[in-house]
Amino acid sequence: MTSFCVDRIALREIRLALKEPFRISSGVMQERRIALLELTDRDGAVAWAECVAFQRPIYSSETIDTAWLAITEWLAPRLLGVSVEGPAAVHALLGENIRGHNMAKAALEMGCWGLVAELEQRPLSAVVGGVRERIPTGISLGIQATPANLAERATAAVAAGYRKIKVKIEPGRDVEFVRAVRQAIGPSIGLMVDANSAYTLRDADHLAQLDAFDLIMLEQPLGDDDLVRHAELQRRLSTPVCLDESITSVDRAEDMITLGSGRIVNIKPGRVGGFTPSIAIHDICQRAGLPVWCGGMLESGIGRAYNVALASLANFSLPGDLSPSARYWARDIVSPEWTMESDGMVRVPTAPGLGVAVDTDFIDSITVRTQELASRTAVAVA
Ligand code: OSB
Ligand code: MG
């Protein structure tokens, strides 16, 4: 493992407007406020990373502002000026006696993996142990006004080549919406739904109606921190339950398997605190015979580079929420922008580092806040 020492971290907030609002059961997003980190190694290597926390705590308790505080006050000082033996050591370094703040930790931790990819002049996917050259891509469709609107979106996505269609649901916008989509796209294309914790166990019989549509999975129907009721629900459904919000650590993934709370995991590296726990969850699921896939947080092209690298691991066997840049933004902050091939695959970069160039001029033009963090001394002060 290549050791490194982070000398400087430039933190900034950018604003990126989504092409259209994205609605999930717990809220709507129109514009992304995104925290970006630029990490500089003692030897001058640079890596950019992204914090995936949203503006409001509608997905998890973190927000961009809590992450900013956690990074500047507690986490970055753990890293700055400290010689670290390799990126796999960062998760433990940031975790010791600092609870939670997984997305803040992940932004730093993943940045260190990016930095090592730069230092080793190897693609990030190779550094994490990836094996795939291309990754099947799915689309996540936000809640629409009518079943017909949703079916139209789904049909267009299938025509564009997407390998999996995920539709957001909530009480009152579920069975009829899914029926319309299944009718429109036909029986053979992979379809799934994501409730973002909008239901309770009292809805079990209602949710069982979804079993009729041959869904690949039902993602996060119940409470974000609830493994016990998900286990009860899974016993009452034939559709596999997939957990997203509930899997916040390696231990929670083990608990899920022990309790039978689900049969698939959506791995988002931000949610679990970085690449090291992501890889561990991937490995545990692989040993248990459970597939995983890479979720999305409406990332910019920088976050996407990390997700694509992670999703190149062997057990990411289901299509990821890895839509191309143009699905989200008028203009992305990397070049080339992320694209999808006509057969719905995203190509894993083979160039060293993140595999995409960061458009710093464009980033400068949309930056609304910056903070420079530097090591006070050249020696460890952890
Ligand atoms: O639950 O996966 C989710 C977007 C915002 C909040 C939660 C989720 C999502 C997505 C978007 O599904 C996936 C993407 O980035 O395309
Ligand atoms: Mg989800």
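Residues numbered from 1 in each chain as written. Chains lettered and ligands numbered in written order. Predicted model: local features only at pLDDT ≥ 70, side-chain atom pairs only at ≥ 80, totals over all residues. Heavy atoms only, no water.

**Looking at the coordination of the magnesium ion (ligand 2)**
Okay, step 1: Every protein donor of the magnesium ion (ligand 2) is accounted for by Asp194 (OD), Glu219 (OE) and Asp244 (OD), and the metal-donor separations fall at 2.1 to 2.3 Å.
Okay, step 2: Sequence positions of the donors to the magnesium ion (ligand 2) reduce to the motif D-x24-E-x24-D. Placement of Glu219 in strand S9 (residues 217–219) and of Asp244 in the loop between strand S10 (241–243) and helix H9 (250–259) is noted, with a sequence separation of 25 residues between them.
Okay, step 3: Judged by relative accessible area, which is 0%, Glu219 ranks as buried.
Okay, step 4: On the accessibility criterion, Asp244 (0% relative accessible area) is buried. (Donors = N, O, S within 2.8 Å, 3.2 Å for Na, K, Ca; no water. Helix = DSSP H or I, 4+ residues; strand = E, 2+ residues; numbered from the N terminus. Buried < 20%, exposed > 50% of the residue type's maximum accessible area, 1.4 Å probe, protein only.)

**Describing the nonpolar core**
Okay, step 1: In this structure, Ile165, Val167, Leu210 and Ile333 are the most contacted members of the largest nonpolar core, which totals 124 residues.
Okay, step 2: The greatest single-element share of this core, amounting to 11 residues, is contributed by helix H3 (residues 102–120).
Okay, step 3: Counting contributing residues, this core receives three or more from each of domain 1 (4–121 + 360–381) and domain 2 (127–357).
Okay, step 4: Not counting residues within four places of it along the chain, the set of residues in contact with Ile333 comprises Ile14, Leu16, Leu36, Ser300, Gly301, Ile302, Ala357, Val358, Asp359, Phe362, Ile363 and Ile366. (Core = buried A, V, L, I, M, F, W, Y, C linked by side-chain atoms within 4.5 Å. Domains from an automatic or database assignment. Contact = heavy atoms within 4.5 Å.)

**Here's the deal with the environment of Val6**
Okay, step 1: Among the secondary structure elements, Val6 is positioned in strand S1 (residues 4–24).
Okay, step 2: With 37 residues separating them along the chain, Val6 and Asp43 place their C-alpha atoms 9.1 Å apart.
Okay, step 3: Not counting the four nearest positions on each side in its chain, Val6 is found in contact with Leu39, Thr40, Asp41, Leu79, Leu80, Gly81, Val82, Cys112 and Leu115.

**Some points on the site of ligand 1**
Okay, step 1: Taken together, 18 residues lie around ligand 1, and Ser140, Asn196, Lys268, Leu298 and Tyr328 are the ones closest in.
Okay, step 2: One of the side-chain nitrogen or oxygen atoms of Ser140 is found 2.9 Å away from an oxygen atom of ligand 1.
Okay, step 3: Contacts to ligand 1 include Asp244, whose side-chain N or O atom sits 3.1 Å from an oxygen atom.
Okay, step 4: When the free accessible area of ligand 1 is taken as 400 Å², the share hidden by the protein chains comes to 100%.
Okay, step 5: Its residues assigned to classes, the shell around ligand 1 shows 8 nonpolar, 3 polar and 7 charged.
Okay, step 6: Looking at the shell around ligand 1, you find at least three residues from each of domain 1 (4–121 + 360–381) and domain 2 (127–357). (Near = heavy atom within 4 Å. Polar contact = N/O pair within 3.5 Å; in protein donor to acceptor, adjacent residues only side chain to side chain. Areas by Shrake-Rupley, 256 points an atom, 1.4 Å probe, with all protein chains shown as cover. Nonpolar A, V, L, I, M, F, W, Y, C, P; charged D, E, K, R; others polar.)

**Details of the domain arrangement of the protein**
Okay, step 1: Each domain of the protein was delimited in the assignment, giving domain 1 (4–121 + 360–381) and domain 2 (127–357).
Okay, step 2: On a C-alpha basis, the centroid separation for the pair domain 1 and domain 2 is 23 Å.
Okay, step 3: With 40 residues of domain 1 at the contact, the number on the domain 2 side is 46 residues.
Okay, step 4: Both sides of the domain 1 and domain 2 interface together cover about 3,700 Å² of buried area, and 65% of this is carbon and sulfur.
Okay, step 5: At the junction of domain 1 with domain 2, the criterion picks out 2 salt bridges.
Okay, step 6: The salt bridge partner of Arg153 is Glu20, with a shortest N-O separation of 2.8 Å.
Okay, step 7: Taken together, the connections running from domain 1 to domain 2 amount to 20 residue pairs in polar contact (both at pLDDT 80 or more).
Okay, step 8: For the side of domain 1 that touches domain 2, the secondary structure elements donating two or more residues are S1, strand S2 (27–41), strand S3 (46–51), H3 and helix H14 (360–365). (Buried area = accessible area lost by both parts, 1.4 Å probe. Salt bridge = Lys/Arg side-chain N within 4 Å of Asp/Glu carboxyl O.)

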